[in-house]
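What follows is each chain in one-letter form.
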Amino acid sequence: MLIRRPTDIAPSEITPQAQYLRRREFMALAAATPLLAGEALAALTGKPSPFSTTEALNTRQQITSYNNFYEFGTSKEDPAANAQRLKTSPWQVAVEGEALKPKVFGLEEILKLAPLEERIYRLRCVEGWSMVIPWIGIPLASLLKVVQPTGKAKFVAFETLLDPQQMPGQRTRVLDWPYKEGLRIDEALHPLTLLAVGLYGEVLPKQNGAPIRLVVPWKYGFKSIKSIVRIRLQETQPPTSWNLAAPNEYGFYSNVNPAVAHPRWSQATERRIGEFFKRKTLPFNGYGEQVAGLYRGMDLQKFF
Ligand SMILES: Nc1nc2c(c(=O)[nH]1)N[C@H]1C(S)=C(S)[C@@H](COP(=O)(O)O)O[C@H]1N2
Ligand SMILES: [Mo]
C-alpha cells in the first residue's frame, strides 16, 4: 500500500482546512507507531472499503449535534453540550471472561491491532431516524481474537464507563447503569462489526462515544454502545439496558426489521436526518446480503 506522509498531501487535496486541522489531532492519537500513522492516513485519504455505502454522507454538524447518549441527558442536544467534560485519556478496555488470554488494553494498544479503516455505514435509530456516517475503526474481531475466546464463549457483553461524577445522567435512574449491550459471538466476530475510534477522519467526538464505541450497522442504533470500558465473553446471553428497561419494546437481537413494528410505532419507514420525505427501511438496514445468514431458521418476530 502506498503510504504518504501528512506533509506530502495538500489539505485542499482531501478536505477543507478546518477539518484538516482536526485530522492532525487524530494523527497524533494514531501515531502510536509510524506504520500505524501511515495506515491511518491511507484510510483517511479514502481507501474505499467494500463494506461502505456510496450514499450521500450526513454532515459532520448533523452527526455531532443530534445524538443519543443518555449518560449526558435524554434530549438530542444534551450529549454535545454535556459530554465535553468526559476525560477520555488515559482509557482502558478490559476484555475478560471465557478467554484463554484475558487482557486489559490501553487505547493505544487497540489502535495497533489492525490497520484503521474508513467504513461509511448507515445508522438506523429505533426511534425512526437514520444517518450515513464515515466511521474510522478496526473490526471488533481483531480485538477478540487476541484474547483467544474459549469454546464456551457464546455471547459478548459490553459495558460503558460508570462514573456519575463525569456522567450526570447516571445520577438519575432513567436506565440501569452502566449502559450494557450484548451480541452473539458470531455477530461480534462478523467483519461488518466495527470498533470505532473516529469519524470524518478525526478522533471520535465525545458525544459520539469517545474514545471507543461499537458500531453494528444492521441493528438499531442502541446496540452500538459508546465509551466502552469492559467486554466480557460468556456462555449465557447477557442482560442489556434497553431490554431491562422495556422488554416488550427492545429485544436482545434488535435487527433492523421493517416487518416487525415497535409496539408504539411502525418500523417500515425512516427519516434520513436532513431530508424531508421518508425512506423505506430496508431489512437488516440494507446489510441483509452480508448478515441474513446469521439468522437462518430463526423466527424474527419472536427474536426481535
Ligand atoms: N453508552 C451509551 N451508548 C449508546 C447510547 C446511550 O445512551 N449510552 N445511545 C444509543 C442510541 S439509542 C443510538 S441511536 C446511538 C447513537 O449514536 P450517535 O449519537 O453517534 O449517532 O448510540 C447508542 N449508544
Ligand atoms: Mo437510538
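Sequence order as written defines residue numbering, which begins from 1 separately in each chain. For this description, chains carry letters from A and ligands carry numbers from 1, given in the order in which they are written. Note on the predicted model: pLDDT of at least 70 is required for a residue's local features to be given, and 80 or more for side-chain atom pairs to be given and counted; whole-chain, interface and lining totals, by contrast, use all residues. To obtain the side-chain values, all non-hydrogen atoms of the structure were used and water was disregarded.

Q: Before we go on, may I ask you to explain the site of ligand 1 in this structure?
A: Whether a residue is near a molecule or strand depends on its heavy atoms: if one lies within 4 Å, it is near. In the vicinity of ligand 1 lie 15 residues, with N67, Y70, E71, S224 and K226 positioned nearest. Under the rule applied, a polar contact is a pair of N or O atoms within 3.5 Å (in protein, one hydrogen donor and one hydrogen acceptor; residues adjacent in sequence only if both atoms are side-chain atoms). For ligand 1, an oxygen atom lies 2.7 Å from a polar atom in the backbone of Y70. Between a nitrogen atom of ligand 1 and a main-chain N or O atom of S224, the distance comes to 2.9 Å. Surface exposure here means Shrake-Rupley accessible area, sampled with a 1.4 Å probe, where a residue is shielded only by the protein chains that are shown. Protein contact buries 99% of the 540 Å² of open area that ligand 1 shows by itself. In terms of residue class, the shell around ligand 1 is built from six nonpolar, six polar and three charged. In the scheme used here, Gly and all other residues not listed as nonpolar or charged are polar, with Ala, Val, Leu, Ile, Met, Phe, Trp, Tyr, Cys and Pro taken as nonpolar and Asp, Glu, Lys and Arg as charged.

Q: So what exactly am I meant to see when it comes to the packing of aromatic side chains here?
A: Pairs of aromatic rings are described using the distance from one ring centre to the other and the angle between the two planes. Working definition: rings of Phe, Tyr and Trp (its six-membered ring) pair if their centres are within 6.5 Å, and the pair is stacked with planes under 30 degrees apart, edge-to-face with planes over 60 apart, and tilted otherwise. Overall, the coordinates contain 13 aromatic pairs when judged by the stated rule. Seen in terms of ring centroids, Y253 and F303 are 6.1 Å apart; in terms of plane orientation they differ by 85 degrees. Their pairing is edge-to-face. Of this pair, Y253 sits in the loop between α9 (241-245) and β11 (269-272) while F303 is found in the segment after α10 (288-291), placing the two residues 50 residues apart along the sequence. Residue Y253 is classed as buried on the basis of its relative accessible area, which comes to 7%. The buried label goes to any residue with under 20% of its type's maximum accessible area, the exposed label to any with over 50%, and the partly exposed label to all in between, with areas taken from a 1.4 Å probe on protein chains only. With a relative accessible area of 35%, F303 lands in the partly exposed category. Of the aromatic side chains, those joined through ring pairs into one cluster are F155, F252, Y253, F284, Y295 and F303. Numbering goes from the N terminus for both helices and strands, where a helix is a DSSP run of H or I of at least four residues and a strand is a run of E of at least two.

All quantities given are derived from atomic positions and should not be read as evidence of function.
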